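Reading the structure
Given next are the chains, with one letter for each unit.
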Amino acid sequence: MMDNSYAAIMARKNDIIKEAVGMDFDQFEKPGIGFDYEAMMAATGYTIDEIRRVQSLFSIGNTPIIELKNLTALARKCAAPGKGARIFIKDEATNPSGSFKARRACTSVYQAKKLGYKGVVTATSGNYGAAVACCAAMAGLKCIVVQECYDSKAVGQPEIIEKARKCEALGAEVVQLTVGPELFSTVLRLLEETGYFNASLYTPFGIAGVETLGYEIAEQFRAKVGKDPDVVVCTNAGGGNLTGTARGLRKAGCSAKVIAASVNLSGLHMASDEQFNKKSFTTGHTGFGVPYAVNPDHSDVPRSAARPLRYMDRYVTVTQGSVFYITECLASLEGLEKGPAGNTSLAAAFRLAQDMDEDQIIVVQETEYTGAGKHINPQLSFARRNGIDIRFGDPKDEVPGKSIILPAHPSLIQVTDLDLDHMRKSRIKRAVGTHKDELTDEDIRFLMEETNASEEFVRGVVASL
Amino acid sequence: MAKKGDWVQVHSIVLQPEERSDALPEDTKQHPLEMWVKGWLQQDAELGDEVEVITRTGRHAEGKLVDEAPYFTHNFGFLVPEVLKIGDMVREITFGGEK
């Protein structure tokens, strides 16, 4: 009889994942603290051209870019003369399943099919589940989506319930859990039980699938606008969106700055039952964005392919109220109803554009579908019912879990920079961990790549540990 | 009374509070990890009975019968007048000539 206690399942993690991803992650480990990230990415065996071909088989990609002229005009009304970059969005909601996550799911599902797996399992409360369900439907594979959905009173986040509906509509089995990180042990147990492929968000297949998004941005801007964008803003949670997009931009030779944006949920504990339904954002927030950036390897694969600290030039936060506000701006000024994920980076872009020149270009690289449960109206209704104080005012007064402050004027929308050097230090500390031997030059090089920092910086941090 | 072959939802406890991960905040640790699954009921049963279902992927799952013919009720929420005010505000600023 298999021991299915939490500890026993987690102890089998590496063996289960090896079986369920068809990849031995040990082969990429280096002596010391590092591993060969690029070798792991190359081990997918797919070039970007091949991934584009695979995605086209699933009708994924080639999503339009849209210039938000009215929103740009509004930003210029808030900016100094001559300032206010042109704001564009890449309308990823037009992908099958309604978000960029289709790119991420497609390569995993394709790989699962190729290797002869009968189905796929994924742990996600978000769009990724719908994307995996969608691609699995196209590929004729079975699909299980495991969600963290309810608090202990069985009250579900409306946005997550909508995702459950969508996954079921696309033929998936949805397993719903209460709050807690043991979601991953449940996934591991299901992988053992079914023998399905682990369509994890964090495998190289998933991240390689997002590279096409960055690549397309460069191609489309060159063809339609005649130049590369200056800034690309990515909503950041687990880090895969930013990592894949940045890698794609680099592969296309585009040197646009990559800025991460998350909703500020500081002060709320992500594994707290009591605080679960005090959040008005289920993803794209600092509760995922910060820990996954400084400790990417605590996901459901031994080494995550999402390593955003390697690629971000800047990391800013915006308030919940600012994102709701900008979502309504998008509807009222541009005629586009979109979901919250892309609108997190749109709120950031609206403010960042005001510091840039009028002839510069800032791109929000995703939109997502919206609908019952995940439209701003049900989100705000749910918050108000949970006792959150919703009012107009200055967003800087917002307290996550207590209030949502809608800007009394668009000029009040601000971004707050997170201290990247502080995050780099945390990353180095995490990576070194309990390693006792003196670090080799190879270890230092790994840390430089992990943090996108100089040798001097890394050696300085290591010396201070 | 649910009949064999009905589409139902079952509930089970995955981990009792004392079996849960150590890395949990205190409020979460007081509760079990609970699970809900839907499937085709394998025997006639009453709400609250321990039953077996077969899920969309063909898995056999067991749990307490908690819902018959489950359906979704999430919606677009009640009126949030601030949303209308935001729309009016930004249209006025953008197109109404106000700086």
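Residues numbered from 1 in each chain as written. Chains lettered and ligands numbered in written order. Predicted model: local features only at pLDDT ≥ 70, side-chain atom pairs only at ≥ 80, totals over all residues. Heavy atoms only, no water.

Focus: the packing of helix α13 (residues 320–334) of chain A against helix α15 (residues 376–385) of chain A
To characterise two packed helices, one gives the angle between the axes of the helices and the distance between these axes. Residues and elements named next belong to chain A. We apply this condition: To get an axis, a line is fitted to the C-alpha atoms, and for a helix only the part in contact is used. The angle between two axes follows their N-to-C directions and goes from 0 to 180 degrees. Only DSSP runs of H or I reaching four residues or more are called helices, and only runs of E reaching two or more are called strands; each is numbered from the N terminus. Roughly parallel covers angles under 35 degrees, roughly antiparallel covers those over 145, roughly perpendicular covers 65 to 115, and oblique covers all other angles. Crossings are assigned a handedness: left-handed for a near helix turned anticlockwise from the far helix by less than a right angle, right-handed for a clockwise turn. By definition, residues are in contact when any of their heavy atoms lie within 4.5 Å.
In contact at an axis separation of 11 Å, α13 and α15 are set at 150° when each is read in the N-to-C sense. Considering their axes alone, α13 and α15 lie roughly antiparallel with respect to each other. In the crossing of α13 with α15, the sense of the turn from one axis to the other is left-handed. Listed contacts from α15 to Phe324, Thr327 and Glu328 of α13 are Ile376, Gln379 and Leu380.

Thoughts on the environment of Thr47 of chain A
Mapped onto the secondary structure, Thr47 of chain A falls in the loop between α3 (37–42) and α4 (48–57). It is 12 Å that separates the C-alpha atoms of Thr47 of chain A and Ile207 of chain A, two residues lying 160 residues apart in sequence.

Quick word on the layout of surface pockets
Let me state the cut-off plainly: A cavity, in this analysis, means grid points on a 1 Å lattice covering only the protein atoms where a 1.4 Å probe fits yet has no way out; a pocket is instead an open set bounded by protein on both sides within 12 Å along at least five of seven lines, and a residue lines either one if it has an atom within 4 Å of a point. Grid points are joined across faces, edges and corners, and a volume is the space filled by probe spheres set on the points. Polar here means any residue outside two lists: the nonpolar Ala, Val, Leu, Ile, Met, Phe, Trp, Tyr, Cys and Pro, and the charged Asp, Glu, Lys and Arg; Gly therefore counts as polar.
What the second largest pocket holds in volume is close to 500 Å³. Contributing to the lining of the second largest pocket are 23 residues, with Tyr150, Gly156 and Ile161 of chain A together with Thr73 and His74 of chain B lying nearest its centre. Listed by contribution, the elements that provide at least two residues to the lining of the second largest pocket are α8 (158–169) and α15 of chain A together with β2 (33–41) of chain B. Of all the elements, α15 of chain A adds the most residues to the lining of the second largest pocket, at four residues. Residues of the lining of the second largest pocket, tallied by class, amount to eleven nonpolar, nine polar and three charged.

Points about the packing of aromatic side chains
Residue and element names in this part refer to chain A. Threshold: Think of it this way: a Phe, Tyr or Trp ring, Trp meaning its six-membered ring, pairs with another when their centres are within 6.5 Å, and the plane angle makes it stacked under 30 degrees, edge-to-face over 60, tilted otherwise. Each residue is placed in one exposure class: buried if its accessible area under a 1.4 Å probe, protein chains only, is under 20% of its type's maximum, exposed if it is over 50%, and partly exposed if it falls in between. Placement of a charge over a ring requires the Lys NZ or Arg CZ to be within 6 Å of the ring centre, with the centre-to-atom vector within 35 degrees of the ring normal.
Here the structure, examined in full by the defined rule, presents twelve aromatic pairs over all chains. Here Phe35 and Phe446 contribute two aromatic rings whose centre-to-centre distance is 5.8 Å and whose plane-to-plane angle is 65°, an arrangement assigned as edge-to-face. With Phe35 in the loop between α2 (13–21) and α3 and Phe446 in helix α17 (residues 441–451), this residue pair connects regions lying 411 residues apart in the sequence. In terms of burial, Phe35 and Phe446 fall into one category: buried. One aromatic cluster in this structure is built from Phe35, Tyr37 and Phe446. The aromatic ring of Tyr369 is capped on one face by Lys374, whose charged end is 4.2 Å from the ring centroid.

Digging into the nonpolar core
Residue and element names in this part refer to chain A. Selection criterion: To qualify as a nonpolar core, a set must consist of buried Ala, Val, Leu, Ile, Met, Phe, Trp, Tyr and Cys residues joined through side-chain atoms within 4.5 Å.
By size, the foremost hydrophobic cluster in this structure holds 119 residues, and its most contacted members are Val120, Val132, Cys143, Val146, Leu191, Phe197 and Leu447. Looking at this core, the element that brings in the most residues is helix α10 (residues 204–224), giving nine residues. Other than its neighbours up to four places away in sequence, Phe197 contacts Ala20, Val21, Ser108, Gln111, Ala112, Leu115, Tyr117, Gly119, Val120, Val121, Leu191 and Phe205. Formed by 52 residues, the second largest nonpolar core is a distinct cluster that contains Ala85, Ile259, Val318 and Met356.

A look at the interface of chain B and chain A
We count it as follows: By convention, the term buried area covers the 1.4 Å-probe accessible surface removed from two parts as they join, with the contributions of both added. Should a side-chain nitrogen of Lys or Arg be within 4 Å of a carboxyl oxygen of Asp or Glu, the pair is scored as a salt bridge. Any N or O atom pair separated by 3.5 Å or less is treated as a polar contact, with the protein-specific requirement of one donor-capable and one acceptor-capable atom, and with residues adjacent in sequence counted only for side-chain atom pairs. For two strands to count as paired, DSSP must find a minimum of two bridges between them.
Between chain B and chain A, the residue contacts involve 47 residues of the former and 67 residues of the latter. Around 4700 Å² of area is buried between chain B and chain A when both sides are counted, 62% of it from carbon and sulfur atoms. On the surface where chain B and chain A come into contact, there are five salt bridges. A salt bridge links Glu182 of chain A to Arg20 of chain B; its shortest N-O distance comes to 2.8 Å. The interface formed by chain B and chain A contains 24 residue pairs in polar contact (both at pLDDT 80 or more). Of all the secondary-structure elements, those providing two or more residues to the side of chain B that touches chain A are β1 (7–15), α1 (26–29), β2 and α2 (81–95) of chain B. Here the side of chain B that touches chain A gets twelve residues from one element, more than from any other, and that element is α2 of chain B. Sheet topology note: the strand β5 (residues 173–178) of chain A/β2 of chain B ladder contains two bridges and is antiparallel. Its bridge partner being in β2 of chain B, Leu177 of chain A is matched across the sheet by Met35 of chain B.

Looking at unusual backbone geometry
Residues and elements named next belong to chain A. Its identity is not glycine, yet Ser97 carries a phi of approximately 80°, on the positive side. Relative to the assigned elements, Ser97 resides in the loop between β2 (86–90) and α6 (101–114). For Ser97, a relative accessible area of 9% puts it in the buried group. The phi angle at Asn452 is positive, at roughly 55°, despite the residue not being glycine. Counting through the fold element by element, Asn452 comes out in the loop between α17 and α18 (455–464). Assessed through its relative accessible area of 37%, Asn452 is described here as partly exposed.

Observations regarding the pattern of salt bridges
Residue and element names in this part refer to chain A. Applying the stated criterion across every chain yields a total of 40 salt bridges over all chains. Two residues, Arg247 and Glu38, come together in a salt bridge whose shortest N-O distance is 2.8 Å. With Arg247 in helix α11 (residues 240–251) and Glu38 in helix α3, this residue pair connects regions lying 209 residues apart in the sequence. The buried category is assigned to Arg247, whose relative accessible area is 7%.

Some points on the sheet that holds strand β13 (residues 416–417) of chain A
Residues and elements named next belong to chain A. An order of β1-β2-β10-β7-β8-β9-β13 is seen for the seven strands of this open sheet, with the pairing classed as mixed. Of all strands in the sheet, those bounded by a partner on one side alone are β1 (65–67) and β13. Along the sheet face, helix α5 (residues 69–78) touches β1 and β2 and points at about 140° away from the line of β2.

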